[in-house]
Each structure stands twice: as structure tokens, then as C-alpha cells.
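# Structure at a glance
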Amino acid sequence: MAGPVGWAQSGDGATIVPFGGAQDHKRVGEGDTGPNTGGMGAYSPAPILTPQIRGEAIQRIIGPTVRALADAGTPYVGVLYAGLMLTREGPKLVEYNCRFGDPACQVLMMRLDSDLGEILYAAATSSLSSLPPPKFSDDTALTVVMAANGYPGAPEKGGTIEGIGAAEAGGAMVFHAGTALNKDGTLVANGGRVLDVTVLAPTVAQARQKAYQAVDAIDFPTGFCRRDIGWREVARQSR
């Protein structure tokens with residue numbers, strides 16, 4: 001069993017357009033231990049999500065869902081994010097989200113070479129079939145979630161955060177989630193999952209190294225992160 005794997009689809013009620021997959025890391029602790037979370041990191045593409053598995057997921061899970069909604073007179077338009085668990089019996093649906101998943105969205109956006117606005121507009125105007133398939137970089141995107149101490153329980157809020165500029169100067173993109181600005185302009189933690197430090201590199205191993213270099217440039221004393229995002233794929237590729 002491997003997973004969970006997220007897969008985003010864009011649809012206009014009739015056309016289903018695959019929008020890439022990502023491997024998520026749900027457990028709070030390294031080695032996938034500890035309580036479940038909203039996600040402590042992800043990478044994309046997820047080689048374990050093979051074309052065969054994608055085809056099976058569309059045929060058995062996503063396609064029937066879209067058709068059932070259309071048949072009920074409530075065609076679905078927008079992003080349909082399928083959380084899949086890959087098992088020996090094939091992909092199993094864990095959940096649907098009517099939005100991009102988090103932190104899978106961050107790695108998908110880093111790889112997307114097409115115009116997202118154009119794709120969403122086509123979905124809203126029922127013209128997805130007229131667009132070419134979305135284009136994605138062949139590189140690997142990897143994101144590391146920096147969370148506040150206490151997460152996924154009661155997070156410690158108010159901790160100062162510095163070094164975002166230094167992290168981004170090295171090529172990372174830092175997405176803000178649970179942050180706020182104090183009256184004096186100081187950036188502070190204001191939630192559980194606080195930052196997503198996201199990079200693009202040719203391989204998972206290179207992306208992981210680059211991501212943790214960016215993480216280490218950020219000064220967030222009341223925060224923490226997993227230090228093993230991408231570990232399964234790095235191990236597979238090193239065999």
C-alpha cells in the first residue's frame with residue numbers, strides 16, 4: 001500500500017481534464033509516524049501514479065462520479081481533487097475535494113507551464129474540450145510544510161518568522177498559509193501549518209536538498225518541519 005496520492009481534475013460538466021498528481025505526506029512525524037495532519041509536504045510528479053493507475057482511476061472512480069452528477073442534473077464544474085490510496089487491488093478513493101488539495105496545489109503550481117486562468121475560464125464556460133492538455137514541467141517540485149509547535153494539536157501562535165527573502169533568493173517559492181503581520185510589520189505564525197517552502201529541480205533528491213536549504217534559511221524558532229519529505233521516492237530511485 002502506498003499513498004495517499006492526490007490527483008486534480010478540471011471539469012466543465014462534460015469534459016474531464018487530468019491536471020497532474022502529487023504524493024502527500026500526511027503524518028506529522030518522520031517516517032510517516034504520529035498523528036494525521038492536513039499534510040506536511042508533497043512532491044510532484046508522483047512516479048507511483050502510473051499512466052495505468054491514472055486510467056483506472058478515471059474509468060472506475062472519477063468518470064462515474066462526473067457522469068452521475070450530470071445525470072442528476074447537477075453537472076460539476078471546477079477542480080475535483082481525488083485523494084487516492086494505492087492498494088494491491090488498485091486505486092481506492094479516500095476523499096474528494098472541490099478545490100486543489102493542500103500541499104499538493106503548491107507543487108502543481110510550480111510545475112504548471114500553461115495559463116491557469118485560461119483553463120479555469122474554459123471550465124466555467126464549458127469549453128475545456130477546445131483547449132490543449134495542460135503543460136507541466138518535467139522537473140520535480142517538492143514542498144516542505146513549516147508548522148507551528150503543537151500542530152496538529154493547539155499550535156503556538158505569535159512566533160516570529162524571518163528569512164523569507166533569503167529562502168526565495170536561493171530559488172524557492174514560499175507560500176504563506178498561517179501567517180500574519182503584527183502592528184510593527186513583523187511576520188508571525190498565526191496557525192498550524194504556517195509556510196510551504198517549495199522548489200523545482202530535475203530530480204526528487206535534488207529538489208529535497210534545495211528545499212531544505214531554503215528551509216534552513218528561514219528563522220522560525222517556534223516552528224518545525226519534517227526532514228524526510230520525498231523519502232520513499234528517493235529510496236526507490238537510489239536502488
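Treat the numbers as computed from the prediction; the structure is a model and nothing was measured.

Below, the discussion takes up the overall build of the chain. The number of helices and strands found in the chain is six helices and 13 strands. Its C-alpha radius of gyration of 18 Å places the chain within 12% of the 18 Å reference for a compact globule of 239 residues. Projected onto the principal axes, the alpha-carbon positions of the chain cover approximately 55 × 45 × 35 Å. When burial is assessed residue by residue, the chain has 48% of its 239 residues classed as buried. In the form shown here, the chain has an accessible surface area of approximately 11100 Å², with 53% of it arising from carbon and sulfur atoms. In the chain, which carries 20 positive and 23 negative side-chain charges, the distance between the mean positions of the two groups comes to 7 Å.

What follows concerns the state of the cysteines. Applying the stated criterion across every chain, the model contains zero disulfides. Cys105 supplies the cysteine sulfur nearest to Cys98, a cysteine that is in no disulfide, at a spacing of 15 Å. Look at Cys98 and you get exposed, because its relative accessible area is 61%.

This part takes up the nonpolar core. One finds Leu142, Val144, Met146, Ile161, Leu195, Ile218 and Phe220 to be the most contacted residues of the largest nonpolar core, which totals 28 residues. Only strand 8 (140-148), helix 4 (164-169), strand 11 (187-189), strand 12 (193-201) and helix 5 (204-216) provide two or more residues apiece to this core. Setting aside residues no more than four positions away along its own chain, Ile161 makes contact with Thr179, Leu187, Val188, Ala189, Val194, Leu195, Ile218, Asp219 and Phe220. Of all hydrophobic cores here, the second largest spans 12 residues; its members include Val17, Phe100, Ala122 and Phe136.

This brings us to helix 1 (residues 51-71). For helix 1, built from 21 residues, the straight-helix expectation of 30 Å at 1.5 Å per residue is met to within 8% by its first-to-last C-alpha distance of 28 Å. In the segment just after helix 1, Gly73 is the residue with positive phi, at about 85°.

Below, the discussion takes up the packing of aromatic side chains. Taken as a whole and assessed by the stated rule, the structure comprises two aromatic pairs. Geometrically, the ring pair formed by Phe19 and Phe136 is edge-to-face, given 5.3 Å between the ring centres and 85° between the ring planes. With Phe19 in strand 2 (residues 16-24) and Phe136 in the loop between helix 3 (116-124) and strand 8, this pair connects stretches of sequence that are 117 residues apart. The exposure classification of Phe19 matches that of Phe136, with both residues buried. Aromatic ring contacts, followed pair by pair, group Phe19, Phe100 and Phe136 into a single cluster.

Below, the discussion takes up the pairing of strand 6 (residues 77-87). Looking down a regular strand, the side chains alternate between one sheet face and the other. The element strand 6 is extensively covered by neighbouring structure, given that nine of its 11 residues are classed as buried. Adjacent in sequence and paired antiparallel, strand 6 and strand 7 (residues 90-97) are bridged by two residues.

A few words on the environment of Gly63. Turning to its location among the elements, Gly63 is positioned in helix 1. For Gly63 and Ala14, which are 49 residues apart along the polypeptide, the C-alpha to C-alpha distance reads 9.8 Å. Once you skip the residues sitting within four places of it in the chain, Gly63 turns out to touch Ile16 and Ile58.

This part is about the confidence of the model for the chain. Residues of the chain with pLDDT of at least 70 account for 95%, and the chain-wide mean is 90. Predicted confidence for residues 1-9 stays below pLDDT 50, and this span has 58 contacts to residues more than four positions away or in other chains.

What follows is about the pairing of strand 7. Across seven bridges, strand 6 lies against strand 7 in antiparallel orientation. Paired with Leu84 across the two strands is Leu93, which belongs to strand 7.

This part takes up unusual backbone geometry. Cis peptide bonds are those with omega within 30 degrees of zero, and the linkage from Asp102 to Pro103 qualifies with 15°. Inspection of the secondary structure puts Pro103 in the loop between strand 7 and helix 2 (104-111). Between Tyr151 and the following residue, Pro152, the backbone shows a cis peptide bond with an omega angle of 10°. Following the sequence through the fold, Pro152 ends up in the loop between strand 8 and helix 4. A positive phi angle is found at Asp32, which is not glycine, with a value near 60°. Along the chain, the position of Asp32 falls in the loop between strand 3 (27-29) and strand 4 (33-36). Overall, Asp32 belongs to the partly exposed group, its relative accessible area being 21%. Of note, the phi angle at Ser126 is positive, near 55°, even though the residue is not glycine. With relative accessibility at 52%, the residue Ser126 sits in the exposed group.

About the cut-offs
- Residues numbered from 1 in each chain as written.
- Predicted model: local features only at pLDDT ≥ 70, side-chain atom pairs only at ≥ 80, totals over all residues.
- Heavy atoms only, no water.
- Helix = DSSP H or I, 4+ residues; strand = E, 2+ residues; numbered from the N terminus.
- Rg over C-alpha atoms; globule rule 2.2 N^0.38 Å.
- Buried < 20%, exposed > 50% of the residue type's maximum accessible area, 1.4 Å probe, protein only.
- Areas by Shrake-Rupley, 256 points an atom, 1.4 Å probe, with all protein chains shown as cover.
- Lys, Arg positive; Asp, Glu negative; His and termini not counted.
- Charge placed at Lys NZ, Arg CZ, Asp CG, Glu CD.
- Disulfide = S-S within 2.5 Å.
- Core = buried A, V, L, I, M, F, W, Y, C linked by side-chain atoms within 4.5 Å.
- Contact = heavy atoms within 4.5 Å.
- Expected span 1.5 Å × (residues − 1).
- Phe/Tyr/Trp six-rings, centres within 6.5 Å; stacked < 30°, edge-to-face > 60°.
- Pairing = 2+ DSSP bridges.
- pLDDT = per-residue confidence, 0-100.

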